[in-house]
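Descriptive structure summary
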Amino acid sequence: MLSLLILLLNLTNHAFGQNPAIKAILTNKGLQYGSHIGADWMQEKIGSVIIPDVRGGVDIGIGTVHYVLDGISVSGCDVPEPSVEFYEGVGLKAVISGLSISMSGNWHTRFGIITDGGSFDLAVFNVDVTSVVQIGSDPSGHISISSKNCDAKVGEASINFHGGASLIFQPFVSLFHHRIKAIIEERICPLVEEHVTDLERHLAEMQVSFKVNSALVLDVPLTNSPLVDSISLGLDLKGEFYSVQSHTDPPFKAEPFHLAEDKGHMLSLGLSEFTVNSASYAYFSAGLLQAQINDSMIPKTSPFRLNTTSFGPLIPQLPKLFPNMLMELQVYARDLPMFSFQADKLTMEFPGAVKAFAIQPNASRTPLFKLNVDSIFSGTIRISEEKLKGLVELSNFTLTLASSEVGTFQTAALEKFMKLGMKISVLAKLNAKLEEGIVLPTMHHIHLVNPALKIQQGFVSIASDLDVKSGEGESLSEGIYHYRLVRYGKVYKATVNM
């Protein structure tokens, strides 16, 4: 039942005092889906439980029969779907009613000098378990999960012995049924608490920084303690990118934003423009927003070549000063590119520059001129087929001469030419890629279902349902099943009421 919580919690830490740049809200609908998946998880876990030996003695009136039940294993289980709800200010409350388990093993008895043994089958019916899990934080700032309360009750049981003198021993079974029931009840909650502790240990060991690629690291610590109310669980994450070269904060702060809960979806996510701009700053500060362009990169079918002759109609003096020479362009961001999110639209301002060089016969470069190129791009994005798709347009393009080693020249014709090249080459390829879509990453085989993306003032929100798939791509939500308690072709029935 904690499957979706692992997605939201296993990569978090605390960074108090900062506005979050990423927000996540797990709704009650998402919690119920998690409990549905959790039933399958519990069924698998119960089937692999190692059950310790049971030892004791029974007074049968003429003496004490000492017994040992060993080699106990789970042969079947029926796990009803848990009832799970948010426990305001605490965490989660889960109730399982009517759990049934069948077990088999070996029995050994000793009465004085008489020993005996054989096999047994045990079925436990109508087991009720109530567990409250507290979600908080530990002193080091990691997310913490602990068992706050647990209660277990066993309703009915049936035990049958086989082999040895079991026909003689079976009539005395009712004398220690209560003992068996108490032992089972005593061991259910420690098992629950053990799994909660294992998850807590796993969360405490998780890192809060991820290397996205060779240039970027993403930090996603919590900025506040998890907020649990009666209908949802909310997480506030830092969501800041850094350069792998230096852990330097950008010269701007994350602004507060409000992510509304969408009760019709399992999960709501909010991503502020701070996160995107922190990635831009990391690239810019590391000097990675630049490129070298030479003639070999121009399509061979293009009539315009990157040489002084082709630039002649645009800069008349250039081919006269540097006749028939290849050129090279250094394109770079001269200042930090910034993204902004507005209602149904995103905008990026890119203050760029272009330095032009002539390539001498000895391969040395001679500076020619520098242009300031200020561009504003606008666009829309959407999610379709688990891919991010969109459309980008050039809203404004301004070119000015910053410096020149070849004398002054008019930039109007060059601006028109570069603007046209930007539209038919760069934007055309970018939009083709965006129409094809960028595959969204998945975590723990969790996929978004019917996601609704909306660009709002200062942030992007995504409301979505979820589907957890196995490694083979099968939807686990369609694979929930129940065991019948069958042994040797017979269905167990409760024969002893405890």
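For clarity, every value in this text was computed on a predicted model and none was experimentally measured.

**Concerning the sheet that holds strand 9 (residues 209–211)**
Strand order in this open sheet of three strands is 9-10-13, and the pairing throughout is antiparallel. Since the sheet does not close on itself, it has two edges, and those belong to strand 9 and strand 13 (240–243), each with one partner. Across the sheet, the mean angle from the axis of one strand to that of its neighbour is 30°, orientation sign disregarded. With three bridges joining them, strand 9 and strand 10 (residues 216–219) adopt antiparallel strand pairing.

**Things to note about the state of the cysteines**
Counting across every chain of the model gives one disulfide. Cysteine 150 shares a disulfide with cysteine 189; S-S distance 2.1 Å. Residues cysteine 150 and cysteine 189 share a disulfide whose torsion about the S-S bond is about -85°; that sign makes it left-handed. Note that cysteine 150 is positioned in strand 7 (residues 143–153) and cysteine 189 in helix 4 (residues 177–205), a separation of 39 residues in sequence. No difference in accessibility class separates cysteine 150 from cysteine 189, as the two residues are buried.

**A look at the pairing of strand 6 (residues 114–137)**
Across 18 bridges, the pairing between strand 5 (residues 91–111) and strand 6 is antiparallel. When the bridges of strand 6 are listed, leucine 92 appears paired with valine 133. Counting the residues in the hairpin turn of strand 5 and strand 6 gives two residues, including glycine 112, whose phi is positive at 70°. Two elements, strand 6 and strand 7, share ten bridges in a ladder whose sense is antiparallel. The residue of strand 7 that forms the bridge with valine 129 is alanine 152.

**Observations regarding the confidence of the model for the chain**
Chain-level pLDDT for the chain is 84 on average; 87% of the residues reach the 70-or-more range. pLDDT under 50 marks residues 1–14. Its contacts with residues more than four places away, or in other chains, come to 65 contacts. Segment residues 478–498: pLDDT under 50, and 54 contacts once partners within four positions in sequence are set aside and those in other chains are kept.

**Things to note about the packing of aromatic side chains**
On inspection of all chains with the given rule, the structure shows seven aromatic pairs. Taking the centre distance of 5.7 Å and the plane angle of 80° together, the rings of phenylalanine 252 and phenylalanine 274 count as edge-to-face. Here the residue phenylalanine 252 occupies a position in the loop between strand 13 and strand 14 (267–272), and phenylalanine 274 occupies one in helix 5 (residues 273–285), the gap between them amounting to 22 residues. For the pair formed by phenylalanine 252 and phenylalanine 274, the shared burial category is buried. Each ring, one from phenylalanine 369 and one from phenylalanine 409, has its centre 5.3 Å from the other, and the planes form 75°; the classification is edge-to-face. Within this pair, whereas phenylalanine 369 is found in strand 19 (residues 365–384), its partner phenylalanine 409 is found in the loop between strand 20 (387–404) and helix 7 (412–436), the two being separated by 40 residues in sequence. Every member of this aromatic cluster is reached through a ring pair, and the members are Trp107, Phe120 and Phe161. The aromatic ring of phenylalanine 257 is capped on one face by lysine 23, whose charged end is 5.0 Å from the ring centroid.

**Topic: empty space enclosed by the protein**
Inspection of the entire model under this criterion finds one cavity of 30 Å³ or more. Considered as a void within the structure, the largest cavity measures approximately 30 Å³ in volume. Lining the largest cavity are Phe241, Tyr242, Ser243, Ser246, Thr248, Tyr281, Ala282 and Ser285. Within the residue set of the lining of the largest cavity, elements represented by two or more residues are strand 13 and helix 5. Its residues placed into classes, the lining of the largest cavity shows four nonpolar, four polar and no charged.

**Quick notes on the nonpolar core**
Membership of the largest hydrophobic core comes to 32 residues, with the highest contact counts inside it found for Leu69, Met103, Phe120, Leu122 and Ile184. Listing elements by their share of this core, those giving two or more residues are helix 2 (28–47), strand 2 (54–59), strand 3 (64–78), strand 5, strand 6, strand 7, strand 8 (156–162) and helix 4. Excluding its chain neighbours within four sequence positions, the residues that come into contact with leucine 69 are Asp53, Val54, Asn106, Trp107, Phe120, Phe161 and Ile180. Counting 29 residues, the second largest nonpolar core, distinct from the first, contains Phe311, Met348, Val406 and Leu427.

**A look at the sheet that holds strand 22 (residues 446–456)**
What the six strands build is an open sheet, ordered 11-12-1-14-23-22; its pairing is antiparallel. Of all the strands in the sheet, just strand 11 (227–228) and strand 22 have a single pairing partner and so form its edges. Here strand 1 (residues 22–27) pairs with strand 12 (residues 232–237) via six bridges, running antiparallel. Along strand 12, the bridge assignment pairs leucine 26 with leucine 233. Its contacts with the sheet place helix 5 against strand 1, strand 14 and strand 23 (459–468), and it is angled at close to 45° to strand 14.

**Section: helix 5**
Over its 13 residues, helix 5 extends 18 Å from the first C-alpha to the last, a length consistent with the 18 Å expected when each residue adds 1.5 Å. Those residues of helix 5 lying buried are Phe274, Thr275, Asn277, Ser278, Ala279, Ser280, Tyr281 and Ala282. Summarising the contacts, the buried residues of helix 5 are in contact with strand 1, strand 10, strand 13, strand 14 and strand 17 (338–342). Just downstream of helix 5 lies glycine 287, where phi reads positive at about 70°.

**Points about unusual backbone geometry**
Unusually for a residue other than glycine, asparagine 324 sits at a positive phi of about 50°. With respect to the helices and strands, the residue asparagine 324 is situated in the loop between helix 6 (318–321) and strand 16 (327–333). Positive phi is not limited to glycine here, since asparagine 450 has a value of about 50°. Examined against the element boundaries, asparagine 450 turns out to sit in strand 22.

About the thresholds
- Residues numbered from 1 in each chain as written.
- Predicted model: local features only at pLDDT ≥ 70, side-chain atom pairs only at ≥ 80, totals over all residues.
- Heavy atoms only, no water.
- Pairing = 2+ DSSP bridges.
- Helix = DSSP H or I, 4+ residues; strand = E, 2+ residues; numbered from the N terminus.
- Axes fitted to C-alpha atoms, helices over the stretch in contact; angles between N-to-C directions.
- Disulfide = S-S within 2.5 Å.
- Buried < 20%, exposed > 50% of the residue type's maximum accessible area, 1.4 Å probe, protein only.
- pLDDT = per-residue confidence, 0-100.
- Contact = heavy atoms within 4.5 Å.
- Phe/Tyr/Trp six-rings, centres within 6.5 Å; stacked < 30°, edge-to-face > 60°.
- Lys NZ or Arg CZ within 6 Å of the ring centre and 35° of its normal.
- 1 Å grid on protein atoms, 1.4 Å probe; cavity = no way out; pocket = protein on both sides within 12 Å on 5 of 7 lines; lining within 4 Å.
- Points joined across faces, edges and corners; volume = space filled by probe spheres on them.
- Nonpolar A, V, L, I, M, F, W, Y, C, P; charged D, E, K, R; others polar.
- Core = buried A, V, L, I, M, F, W, Y, C linked by side-chain atoms within 4.5 Å.
- Expected span 1.5 Å × (residues − 1).

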